[in-house]
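Structural overview
Listed here are the chains, written in short residue letters.
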Amino acid sequence: MELTNENVLGKIISEFGEENIWEAYSPDGIMTFQTNRETIHALIKYLRDDEELNINFLTTLCGIHFPDLKDKELCVMYQLHSMRHNYRIRIKVFFPIADPVMPTMTDLYAAANWMERETFDFYGVQFTGHPNLTRILNIEEMEYHPMLKQYPLEDQTREDKIDTYFGR
Amino acid sequence: MATDIKTAELTELEQFRKDHGLALHEERQLTTLNLGPTHPATHGIFQNILQMDGEEIVDAVPTIGYIHRAFEKIAERRPFYQITPLTDRMNYCSSPINNMGYHMTVEKLLGITVPKRAQYIRVIMMELARISDHLICNSILGVDSGAFTGFLYVMQEREHIYDIYEEVCGARLTTNMGRIGGMERDLSPKALHLIGEFLKRFPKVWAEFEKMFTRNRIFVDRTKDVGAISAERALSYGFTGPNLRATGIDYDVRVMNPYSSYEDFEFEIPVGAKGDTYDRFLVRNEEVWQSLKIIEQAYKNLPEGSYHADAPHYYLPPKQEVYTSMEALIYHFKIVMGEIDAPKGEVYHSVEGGNGELGFYLISDGGRTPYRLHFRRPCFIYYQAYTEMIKGGQLADAILTLSSLNVIAGELDA
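Below is a summary of the structure that appears in this document.

Procedures and definitions
- Residues numbered from 1 in each chain as written.
- Chains lettered and ligands numbered in written order.
- Predicted model: local features only at pLDDT ≥ 70, side-chain atom pairs only at ≥ 80, totals over all residues.
- Helix = DSSP H or I, 4+ residues; strand = E, 2+ residues; numbered from the N terminus.
- Buried ≥ 20, exposed ≤ 12 C-beta atoms within 10 Å, placed from the backbone.
- Contact = placed C-beta atoms within 7 Å.
- Pairing = 2+ DSSP bridges.
- Axes fitted to C-alpha atoms, helices over the stretch in contact; angles between N-to-C directions.
- Parallel < 35°, antiparallel > 145°, perpendicular 65-115°, else oblique.
- Left-handed = near helix turned anticlockwise from the far one by under 90°.
- Nonpolar A, V, L, I, M, F, W, Y, C, P; charged D, E, K, R; others polar.
- Core = buried A, V, L, I, M, F, W, Y, C linked by C-beta atoms within 7 Å.
- Expected span 1.5 Å × (residues − 1).

The next thing to look at is the overall build of chain B. A tally of helices and strands in chain B yields 19 helices and 6 strands. Across the 414 residues of chain B, 48% fall into the buried class. Counted over contacts in chain B with a minimum sequence separation of 6, partners at least 24 positions apart contribute 70%.

Take a look at the structure:
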């Protein structure tokens, strides 16, 4: 079967129902859609194990922070790849920052281990079931998750770097 | 009864232990060995705490992040053109590939099509970078197995590649090569001459390097069946690039999702069979030959035309025009100050980096900086498998496995 955005989406929706898969679009040719925390693990397992789809390579996953979206502040993006069909797919899960819990994918992909640790390190997303959810790039003693948008890049109290015209 | 027999047959040592109130048998004692963070054999700053049973590795705990510089965070505050120097510092053995991968990502977002000539120049530079990357990896593998000569011999050729970089962009290691929209200048006659000379000289050097290692009994004995990984495990661990191809899977971004006119060139994807250190070495060797083939084709068929796209909002105007034309001055000012907004969008672009699929996931909210820029760094993803690959092996083999994986600390930590 030739994989196209339409037939893959149709297959996924018929498996998981329209209430669990929404906002499908393809910003750069890669089909992107949203799902919820309850579905994501089963969905990625389904994509991996389905004979026809064979989307069995976890290219990357990363966190994104949208402070202005109420109750959808945090997002985890999964990008998967089917090497057999040369087809890529991107899945997003939004959840509130007050409850930053996601299921782990380490049982499906060994590669997810460090990617999830990185996402935890940067955004504070708690991956339940992860074998060793500790910081990976930053020091253990760090008290915050630095990629969240409320943390500025530079120390804002410094006066020697203020540039009125170009907004440092 | 059995216990009685046992007590009756105490060895001299056991009798001694019993008399002195010690445990009869010594417990198996593991040695903790700290490999790294700064160790000549890790070729970069990362640590492995090994549990050793004699010479055998029982367990390993990798620690990374020693040169984490928060590139993803910095990128959120920088105008697009200022992010290129950050990408230099990821895989610093093949900076031009990172630079151009990033440029192509932004071009995809902006919808800029780059002229053929610029694409071919990019291909030449990227393949030179791949050669220099593989050359370091394979020669360092030689050094770690005790063969220093090959390393010194081919390192000279890397200098010649760096001479070409210098002629093309002015820098040698952290190149910051090209611009969003093309190259910053055309290939000069001297650069073309240097590339031509390199193409003539290098095959002989590489053939000799191969001769020194490929059938070398000592080298083969040290690397064969060392640090092997199966294709399934490699896929699960997210391997890409030469390390994945060594396990027998012919995945290459250049062929599967051609970018920058790679579809115009004829080349083959070498694959291994077992995924061991020797296979990785052979795959890299062969890839160097294939890269040479690509450079030759691009060099011969270099199209005429402009070396950059016509995108005045993003591509700096020529300096002489900045001083004479009002329009060019305005564009120059706005670009340098980073005051040009990119359109809203979301793109993923990947290139075949020196050690795997190097991906850039970029979200733009319509501002002057990216909203989010995530680097898919191949090293970071496949280095997880290192623990599994070295368990049960010897310490000396672990060093060779590490070298053959081509883990670059800059890319690992970003």
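Glancing now at the environment of Ile89 of chain A. Residue and element names in this part refer to chain A. As for its placement among the helices and strands, Ile89 is situated in strand β5 (residues 87-95). Accessibility expressed as a C-beta count within 10 Å gives 24 for Ile89, which makes it buried. Between the alpha carbons of Ile89 and Gly29 there is a distance of 9.3 Å; along the sequence they are 60 residues apart. Apart from the residues within four sequence positions on either side, Ile89 is in contact with Val8, Ile30, Met31, Ile55 and Leu80.

A word on the sheet that holds strand β2 (residues 47-53) of chain B. The pairing of strands in a sheet happens through backbone hydrogen bonds and is either parallel or antiparallel. Residues and elements named next belong to chain B. The strand order across the open sheet built from 3 strands is β1-β2-β3, with neighbouring strands paired in antiparallel fashion. Where the open sheet ends on each side, the last strands, each with one partner, are β1 (31-35) and β3 (56-63). Taking the axes of each pair of neighbouring strands and ignoring which way they run, one obtains an average angle of 20° across the sheet. Bridge count between β2 and β3: 7 bridges; the pairing is antiparallel. Directly across from Gln51, in β3, lies its bridge partner Asp59.

All names here are of chain B. Contact pair helix α7 (residues 148-169) / helix α8 (residues 189-213): the axes reach a minimum separation of 10 Å and the direction vectors enclose 165°. Between α7 and α8, the angle is such that the two are roughly antiparallel. Judged by the twist between their axes, the crossing of α7 over α8 is left-handed. Of α8, the residues touching α7 (which contributes Gly150, Tyr153, Val154, Glu157, His160, Asp163, Ile164, Glu167 and Val168) are Lys190, Ala191, Leu194, Ile195, Phe198, Phe202, Val205, Phe209, Met212 and Phe213. Considered class by class, the residues forming the contact of α7 with α8 number 13 nonpolar, 2 polar and 4 charged.

Residues and elements named next belong to chain B. Ile124, Ile164 and Leu412 are the most contacted members of the largest nonpolar core, which totals 153 residues. Of all the elements, helix α6 (residues 116-144) adds the most residues to this core, at 15 residues. Residues contacting Leu412, with those up to four places away along its chain left out, are Phe46, Ile64, Cys379, Phe380, Tyr383 and Val407.

Next up on the list: α6 of chain B. Here α6 of chain B contains 29 residues, and its C-alpha end-to-end distance of 42 Å stays within 8% of the 42 Å for a straight helix at 1.5 Å per residue. One or two steps after α6 of chain B, the chain reaches Gly146 of chain B, where phi turns positive at roughly 100°.

Across the contact, 30 residues belong to chain B and 26 residues belong to chain A. Among the secondary structure elements, those contributing two or more residues to the side of chain B that touches chain A are α3 (71-75), α10 (231-236), β4 (344-353), β5 (356-365), β6 (372-376) and α16 (378-382) of chain B. Top contributing element to the side of chain B that touches chain A by residue count: β4 of chain B, with 4 residues. Of the residues belonging to the side of chain B that touches chain A, the class tally is 14 nonpolar, 8 polar and 8 charged.

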